[in-house]
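# Reading the structure
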Amino acid sequence: MLIDVKSRIQEDGIQELLSYSVFPDPDRLEQTIQQYKEDLNLWLYGYESEGILVGIIGFRINDEQEMTITHLAVEPESRGVGFGRGIILEIIEDMHPLRIVAETDEEAVQFYRNIGFVIRSLGEKYPEVERFMCTYEVDGDIDED
């Protein structure tokens, strides 16, 4: 189940989850936390399983209903069992985007490919680091029971 955790961003558990999706640098994490505090257009949701927060998604949605994922992470012990996919499916159901985009690295690109995103290389945006643009066109026939 997705829950809004933006107001809880100072909690250690929220920050730890967020840290999995930012460059491993305490200053970068602090900058990211400040962005969520200050930017009213950034959303931050946690994903609970059996009462435990196991994942997090940060995003923004523009006027054309295009969602840009800014952060997506699942705690290491809970990876590979479908929580990431569940986060994407629930966010589609809750927020009704028409398109979802995410920029990612080689480590996460297979996750996006496996759930139906179209992948395009952006080349080496940083020295020796290839980045990818992942795009998903949401089917209007999603079951919203």
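Rules of the game
Residues numbered from 1 in each chain as written. Predicted model: local features only at pLDDT ≥ 70, side-chain atom pairs only at ≥ 80, totals over all residues. Heavy atoms only, no water. Axes fitted to C-alpha atoms, helices over the stretch in contact; angles between N-to-C directions. Helix = DSSP H or I, 4+ residues; strand = E, 2+ residues; numbered from the N terminus. Parallel < 35°, antiparallel > 145°, perpendicular 65-115°, else oblique. Left-handed = near helix turned anticlockwise from the far one by under 90°. Contact = heavy atoms within 4.5 Å. Core = buried A, V, L, I, M, F, W, Y, C linked by side-chain atoms within 4.5 Å. Buried < 20%, exposed > 50% of the residue type's maximum accessible area, 1.4 Å probe, protein only. Pairing = 2+ DSSP bridges.

At a minimum axis distance of 10 Å, the contact between helix α1 (residues 12-19) and helix α2 (residues 26-38) shows a crossing angle of 115°. Taken together, the axis directions place α1 and α2 in an arrangement best described as roughly perpendicular. For α1 against α2, the interelement crossing comes out right-handed. Of the residues in α2, those in contact with Gln-15, Leu-18 and Ser-19 of α1 are Leu-29, Thr-32, Ile-33 and Tyr-36.

Take the nonpolar core next. Within the largest apolar cluster, 24 residues are counted, with the highest numbers of intra-cluster contacts made by Ile-57, Ile-88, Ile-91 and Ile-100. Sorting the residues of this core by element identifies β2 (43-49), β3 (52-61), β4 (66-74), α3 (83-95), β5 (99-105), α4 (106-114) and β7 (129-137) as the ones contributing at least two each. The element best represented in this core is α3, accounting for six residues. Sequence-distant contacts of Ile-91, that is, excluding residues within four places in its chain, are made with Leu-2, Tyr-45, Ile-57, Phe-59, Met-67, His-96 and Pro-97.

Glancing now at the sheet that holds strand β6 (residues 118-126). With mixed pairing, the seven strands of this open sheet are ordered in space as β1-β2-β3-β4-β5-β7-β6. Of all strands in the sheet, those bounded by a partner on one side alone are β1 (2-4) and β6. Averaged over all pairs of adjacent strands, the angle between strand axes in this sheet comes to 30°, irrespective of strand direction. For β6 and β7, the ladder comprises seven bridges, and the chain directions are antiparallel.

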